[in-house]
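So you can see what is in the structure, the chains are spelled out below.
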Amino acid sequence: MDTPNTIKLLVVDDHQVLIDGIMALLEKAEGIRIVHQALNGKGALEALEKHHTEIDLILLDINMPDMNGFEVCLEIKKRFPDKKVLSLTMHSEAGFITKMVKAGADGYVLKNAGKDELVTAIQSIQQGEKYFSKAVTNSLLEGMQAKKTSRSQYIPKITRREKEILRLIIDECNTDEIAAKLFISDTTVISHRKSLLRKLNVKNTAGLVRVAYEFNLLAED
């Protein structure tokens, strides 16, 4: 029997057998009840339109035929911003996780999760927290590290003179001031600045400052 604190779920997955499995898994979970189900994104949004007052949280798959989970999550958060979304998927890649989080998901759990973890995720999210399973967190951290390593490989070395000019640019010196401080011509300063923009793949001074701090380019050799 439902209580005022019962968490009511909408389960969205394009495989009925998986929906049935989730229903069986949560059947005896105290304070949680599946009230609606949908086999695709369109069905999920229609269910929310008709029964949004009955639904607290959506268990959402990513791979679906008409609308993928990212698109569905964006629509849910746009139309029903008070609804919680827990992504329940087989995808553990950092790119999927990050994209789902950007779409507004409140949590991310893999389909091989056990009953206890799924219940914990649902309860945590309903209480206003974010929930990511340990495997998901590890994947995110590994992805961030790989991205950082990969990106740093594309940051070329800058010369000592370019470093001097970059430091003065960050100190908000203009071309004339830089030329005077380093005893070089304005033309030489402009040439080095263009070289820095090209090497660091940025468009302006703000970009130079950002990259300089991000990759610690001004560190002493």
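Residues numbered from 1 in each chain as written. Predicted model: local features only at pLDDT ≥ 70, side-chain atom pairs only at ≥ 80, totals over all residues. Heavy atoms only, no water.

Undergrad: When you look at the nonpolar core in this model, what are you seeing that I'm missing?
TA: A general feature of soluble globular proteins is that nonpolar side chains tend to end up buried together. Core analysis: the biggest nonpolar cluster contains 27 residues, and L10, V12, I58, L60 and M100 have the highest contact counts within it. Of all the elements in the fold, those that place two or more residues in this core are β1 (7–12), β2 (32–38), α2 (41–51), β3 (57–60), α3 (69–79), α4 (94–102) and β5 (107–110). When near neighbours in sequence (up to four residues on either side) are disregarded, M100 contacts L60, I62, G69, F70, C73, S87, A105 and Y108. Among the nonpolar cores identified, the runner-up in size contains 22 residues, and I169, L196, V202 and F215 belong to it. (Core = buried A, V, L, I, M, F, W, Y, C linked by side-chain atoms within 4.5 Å. Buried < 20%, exposed > 50% of the residue type's maximum accessible area, 1.4 Å probe, protein only. Helix = DSSP H or I, 4+ residues; strand = E, 2+ residues; numbered from the N terminus. Contact = heavy atoms within 4.5 Å.)

Undergrad: Teacher, can you tell me more about the packing of α3 against α4 here?
TA: For any two helices packed against each other, the geometry is given by the interaxial angle and the distance between the axes. Between α3 and α4, the least distance of the axes is 9 Å, while the angle of their chain directions is 20 degrees. In terms of orientation, α3 and α4 fall into the roughly parallel class. Crossing angle aside, the handedness with which α3 passes α4 is right-handed. Here G69, F70 and C73 of α3 lie close against α4, whose contacting residues are F96, K99 and M100. Split by residue class, the contact of α3 with α4 holds 4 nonpolar, 1 polar and 1 charged. (Axes fitted to C-alpha atoms, helices over the stretch in contact; angles between N-to-C directions. Parallel < 35°, antiparallel > 145°, perpendicular 65-115°, else oblique. Left-handed = near helix turned anticlockwise from the far one by under 90°. Nonpolar A, V, L, I, M, F, W, Y, C, P; charged D, E, K, R; others polar.)

Undergrad: Got a minute to help me understand the pairing of β5 in this structure?
TA: Looking along a regular strand, one sees the side chains alternate between the two faces of the sheet. Alternating residues of β5 divide into G107 and V109 and Y108 and L110, and every residue in both groups is buried. Relative to β5, strand β4 (residues 84–89) is paired through 4 bridges, and the arrangement is parallel. Bridge pairing in β5 places L86 opposite G107. Chirality of the crossover, the property in question, places the unit of β4, α4 and β5 among those that are right-handed. Inspection of the sheet shows β5 paired to strand β6 (residues 131–132) by 2 bridges, in the parallel sense. (Pairing = 2+ DSSP bridges. Right-handed = clockwise from strand over helix to strand, strands pointing away.)

Undergrad: Can you help me understand unusual backbone geometry in this one?
TA: Most peptide bonds take the trans configuration, and most residues that are not glycine carry a negative phi. Phi angles above zero are rare outside glycine, and E172 is one such case at about 70 degrees. Mapped onto the fold, E172 is located in the loop between α7 (160–170) and α8 (175–182). Despite not being glycine, F183 has its phi angle at roughly 55 degrees, a positive value. Residue placement: F183 occurs in the loop between α8 and α9 (186–200). What makes F183 exposed here is its relative accessible area of 75%.

Undergrad: Help me understand the environment of G69, please; the structure alone is not making it clear to me.
TA: With respect to the helices, strands and loops of the structure, G69 is situated in helix α3. Separated by 55 residues in sequence, G69 and D14 place their C-alpha atoms 11 Å apart.

Undergrad: Honestly, the pattern of salt bridges in this entry has me stumped. Any pointers?
TA: This model, assessed by the stated rule, comprises 9 salt bridges. In this structure, D106 engages K130 in a salt bridge whose closest nitrogen and oxygen atoms are separated by 3.0 Å. Separated by 24 residues along the polypeptide, D106 in the loop between α4 and β5 and K130 in the loop between α5 (115–126) and β6 bring together distant segments of the chain. D106 sits in the buried class, given a relative accessible area of 5%. By relative accessible area, which is 53% here, K130 ends up exposed. Where salt bridges share partners, they join D13, D61 and K111 into one cluster. (Salt bridge = Lys/Arg side-chain N within 4 Å of Asp/Glu carboxyl O.)

Undergrad: Explain α3 to me, please; I cannot follow it from the model alone.
TA: Side chains of residues three or four places apart in an α-helix project in the same direction, reflecting 3.6 residues per turn. When α3 is considered as a whole, its buried residues turn out to be G69, F70, V72, C73 and I76. In an axial view of α3, the angular spread of the buried residues amounts to 165 degrees, which keeps them on one side of the axis. In the core, the buried residues of α3 are packed alongside α2, β3, β4 and α4. One side-chain oxygen of the residue at the start of α3 lies 3.0 Å from the amide nitrogen of F70, identifying that residue as N68. (Arc of directions from axis to C-beta. Polar contact = N/O pair within 3.5 Å; in protein donor to acceptor, adjacent residues only side chain to side chain.)

All quantities given are derived from atomic positions and should not be read as evidence of function.
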